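Residue-level listing of the chains:
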Amino acid sequence: MVTNAEIADMLEEIATLLAFDDANPFRVRAYRNGARTVRRYGKTMASLVADEADLTALPTIGTDLAALIQEAVNTGHMRSLDALRISAPIPSLDLLEVEGIGPKKARALWQELGVSTPEQLHRAVLDHKVRTVTGFGPGSEVRLAEVFAKQTPLKSRRYPLGTVTPIADALRTYLGTCPDISRFEIAGSFRRGRDTVGDLDIVAETHTPAAAIDHLASWSRVKRLVLRGEAKATFILDEGIQMDLRATDTEGWGAMLQYFTGSKPHSIALRVRAKAKGLKLNEYGVWKGNQRVAGATETEIYDALGLVFIPPELRENRGEIELAAEDKLPILVTRQDLKGDLHVIANSVRDVGAMLKAAHACGLSYVAIGPRIDAKTKRKTVEDIFRETDARCKDIPGLRCFRLVEVGLTKQGDLDASDTLLEDADLIIGAVRDGFDLTKAEQTKRLVQAVKHPRLSILSHPTGRSVGEREPFDVDMAKVAKAAAQAGTALELSADPARMDLTDLHCHTAQEAGAQISVTAEAIRPAEFERLTLGIVQARRGWLGPSDVLNVRGAADLAKTFRTQKTNKTAKEPVHAGSA
DNA sequence: GCCGTTTTCGGCCCGACTGTTTTCAGTCG
Ligand SMILES: Nc1nc2c(ncn2[C@H]2C[C@H](O)[C@@H](COP(=O)(O)OP(=O)(O)OP(=O)(O)O)O2)c(=O)[nH]1
Ligand SMILES: [Mg+2]
Ligand SMILES: [Mg+2]
């Protein structure tokens, strides 16, 4: 079955190949926009086609793209893409991944040097052959030599938030020491809360842009200065991550922050809207003629366009602008709304005390804490952890503790543990730990079965994601979420930066199906409660409000839910545990 | 190729930096 990502890749490739033919650039963009829509759509194109849904109802999809999507779903490929590949002026698109190489230069390199891969280009640079090629010269050859010598990342390279956050923290500390910079913000996809980022985009307020750029250039972690001008600079950090800087004055701070936060489609939509109002929006402000009518704050910018402030997490041009015009944006959940964390790991009695203290110190008023269990786990281990939990919890006034066990799932969707280990738990979390390669139908059946289990309170890692290693597997999330909503089982969003599932998109799907989401740090060490904020940001990207999140509710309320599941449901339905 | 708070045709966001350019194309944010 062809996935949305695969269809998006095909449309993207058509766009790239059309760009070589000097096609109408707006036509190229139409394919890119279509690719983006398909990639970030909550339902699969395959399911839409199966339901005979009207694909042209999707934004940026018209009759042509709809036909291509349909063809891809039905046949697995697009004939017009195959044709474009055959007639393509270059044999490979790999060169386009090199910084500074676009369609024109890639074509010239192939036609005049027979170079079509980054490795061949590197060789040609070392042999000083590139300077003779049309559009190149001695200067650009030196630049390319630098690109290869300093191992500049490929353009499509992205980094998990977990690897970027420590760098961002160090950067904030460093920028804080700069006398020339009075205010700064990390913008771009980082500020929008994406779980992977392509680079770090910095807005810095300064009277002296050159001094600010100098200061950043002399940061110990800067490996290479890619470019610098009067208004901006680009650097490569030691880790290979790119960092873009835009300097601004106080009057234009809000406009620059809006521009650099994006997203690009969001900004383009704002600019179109400005135009329709007889205004112009750029990174310096909102303009009426040559008069600046807004610029100092983002709120001012949005207001000038007839919009209420839009939280960065929503700025993806997915309907937020239309809602902002009506002042009908959803109220999003915040970190302060969270009253507890329902998935705290303690695999031995030693861990319990410190974890409870840390949770309490983070302002949480309850936790569910306990071990991850499997076939080897002894009953005594679980009992000891529960006893320790009860004892330690009494010492912390204002903290309530639920006894938790996390169990794996069988491929059929039963709990993969013996009943005796589960007996004393207040709540049971079922975690998808394996079976990642099941077909979509099998996986959907498995998870629907799991959420219906009378003793299961939360389904953890519902898409098996491992950031940078394993993409979320294909599953009919709408169906799983609907079953979860009916059964009163929550789906989990783990803020472990290595996991980050549910994704923002799946959160939205789950919300629409009426399911509750449990946002957890999935902490196994005391310091890890801090990452709850990452989970909240992702939940906000999924448009979740306080009422969508399970652990916004109070402990007493939840205790009832858990107990109900334990008594009533087990009384009515057989327990499926231990049938692996 | 897509689309409509003037539009079903004629637009489509706007600007910075670099190198080779002899007036601006290419690439990128
Ligand atoms: N108006 C406008 N703004 C752009 C354009 N390209 C980029 N930007 C703005 C919006 C982006 O969010 C911001 C930073 O650019 P990036 O390429 O770093 O993108 P972003 O951070 O959104 O995603 P990333 O994770 O870095 O790939 O600059 C453009 O073509 N037009
Ligand atoms: Mg970025
Ligand atoms: Mg950037």
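Residues numbered from 1 in each chain as written. Chains lettered and ligands numbered in written order. Predicted model: local features only at pLDDT ≥ 70, side-chain atom pairs only at ≥ 80, totals over all residues. Heavy atoms only, no water.

(A) Spotlight on the layout of surface pockets. There is about 410 Å³ of room inside the second largest pocket. Arg172, Phe190, Thr533, Leu534 and Val537 are the residues nearest the centre of the second largest pocket, which is lined by 19 residues in total. Of all the elements in the fold, those that place two or more residues in the lining of the second largest pocket are helix H9 (161-176), strand S2 (183-186), helix H10 (188-192) and helix H22 (532-541). Looking at which element gives the most residues to the lining of the second largest pocket, the answer is H22, with five residues. Residue composition of the lining of the second largest pocket, grouped by class: seven nonpolar, four polar and eight charged. (1 Å grid on protein atoms, 1.4 Å probe; cavity = no way out; pocket = protein on both sides within 12 Å on 5 of 7 lines; lining within 4 Å. Points joined across faces, edges and corners; volume = space filled by probe spheres on them. Helix = DSSP H or I, 4+ residues; strand = E, 2+ residues; numbered from the N terminus. Nonpolar A, V, L, I, M, F, W, Y, C, P; charged D, E, K, R; others polar.)

(B) Local environment of the state of the cysteines. Counting across every chain of the model gives one disulfide. With its sulfur 2.1 Å from that of its partner, Cys393 forms a disulfide with Cys401. Residues Cys393 and Cys401 are joined through a disulfide that is right-handed, its torsion about the S-S bond being 90 degrees. A residue is classified by how much of its surface remains accessible, and Cys393, at 9% relative accessible area, is buried. We classify Cys401 as buried; its relative accessible area is 14%. (Disulfide = S-S within 2.5 Å. Buried < 20%, exposed > 50% of the residue type's maximum accessible area, 1.4 Å probe, protein only.)

(C) Structural context of the coordination of the magnesium ion (ligand 3). Those donors, Asp199 (OD), Asp201 (OD) and Asp244 (OD), are the protein atoms that reach the magnesium ion (ligand 3), and they lie 2.0 to 2.2 Å from it. Donor residues for the magnesium ion (ligand 3) sit on one chain with the sequence pattern D-x1-D-x42-D. In this model, the magnesium ion (ligand 3) sits 3.5 Å from the magnesium ion (ligand 2), the two metals being bridged by Asp199. Note that Asp199 is positioned in strand S4 (residues 199-205) and Asp244 in strand S7 (residues 242-248), a separation of 45 residues in sequence. Judged by relative accessible area, which is 14%, Asp199 ranks as buried. A residue is classified by how much of its surface remains accessible, and Asp244, at 12% relative accessible area, is buried. (Donors = N, O, S within 2.8 Å, 3.2 Å for Na, K, Ca; no water.)

(D) Focus on the confidence of the model for chain A. Per-residue confidence for chain A averages 95 on the pLDDT scale, and 97% of its residues sit at or above 70. Segment residues 566-580 is flagged for pLDDT under 50; beyond a separation of four residues in sequence, or across chains, it makes 31 contacts in the model. Reported for the predicted complex are a pTM of 0.94 and an ipTM of 0.97. (pLDDT = per-residue confidence, 0-100. Contact = heavy atoms within 4.5 Å.)

(E) Focus on helix H12 (residues 253-261). H12 sits mainly inside the fold: eight of its nine residues count as buried. Two residues or fewer after H12 comes Gly262, characterised by a positive phi angle close to 65 degrees.

(F) Region of interest: the protein's contact with DNA strand B. Neighbouring DNA strand B are 50 residues; Arg29, Thr60, Gly62, Gly137 and Arg271 lie closest to it. Sugar and phosphate atoms constitute 77% of the interface atoms of DNA strand B, taking the interface as everything within 4 Å of the protein. The separation between a phosphate oxygen of DNA strand B and a polar side-chain atom of Asp64 is 3.1 Å. Residue Lys104 places a main-chain N or O atom 3.4 Å away from a phosphate oxygen belonging to DNA strand B. Here the surface near DNA strand B is composed, by residue class, of 19 nonpolar, twelve polar and 19 charged. (Near = heavy atom within 4 Å. Polar contact = N/O pair within 3.5 Å; in protein donor to acceptor, adjacent residues only side chain to side chain.)

(G) Examining the packing of aromatic side chains more closely. Inspection of every chain in the model, using the stated rule, returns six aromatic pairs. Ring centres of Tyr366 and Phe402 lie 6.0 Å apart, and the angle between their planes is 75 degrees; on these two criteria the pair is classed as edge-to-face. Taken together, the residues Tyr366 in strand S12 (residues 366-370) and Phe402 in strand S13 (residues 400-408) connect sequence positions 36 residues apart. When the centroid spacing of 5.3 Å and the interplanar angle of 90 degrees are considered together, the rings of Phe402 and Phe562 count as edge-to-face. With Phe402 in strand S13 and Phe562 in helix H23 (residues 555-572), the pair connects residues that are 160 residues apart, well separated along the chain. Residues Phe402 and Phe562 agree in their burial class; the two are buried. A connected cluster of aromatic rings, assembled from ring pairs, spans Tyr366, Phe402 and Phe562. Positioned over the ring face of Trp253 is Arg183, at 4.2 Å from the centre of the ring. Residue placement shows Arg470 over the ring face of Phe436; its charged tip is 3.6 Å from the ring centre. (Phe/Tyr/Trp six-rings, centres within 6.5 Å; stacked < 30°, edge-to-face > 60°. Lys NZ or Arg CZ within 6 Å of the ring centre and 35° of its normal.)

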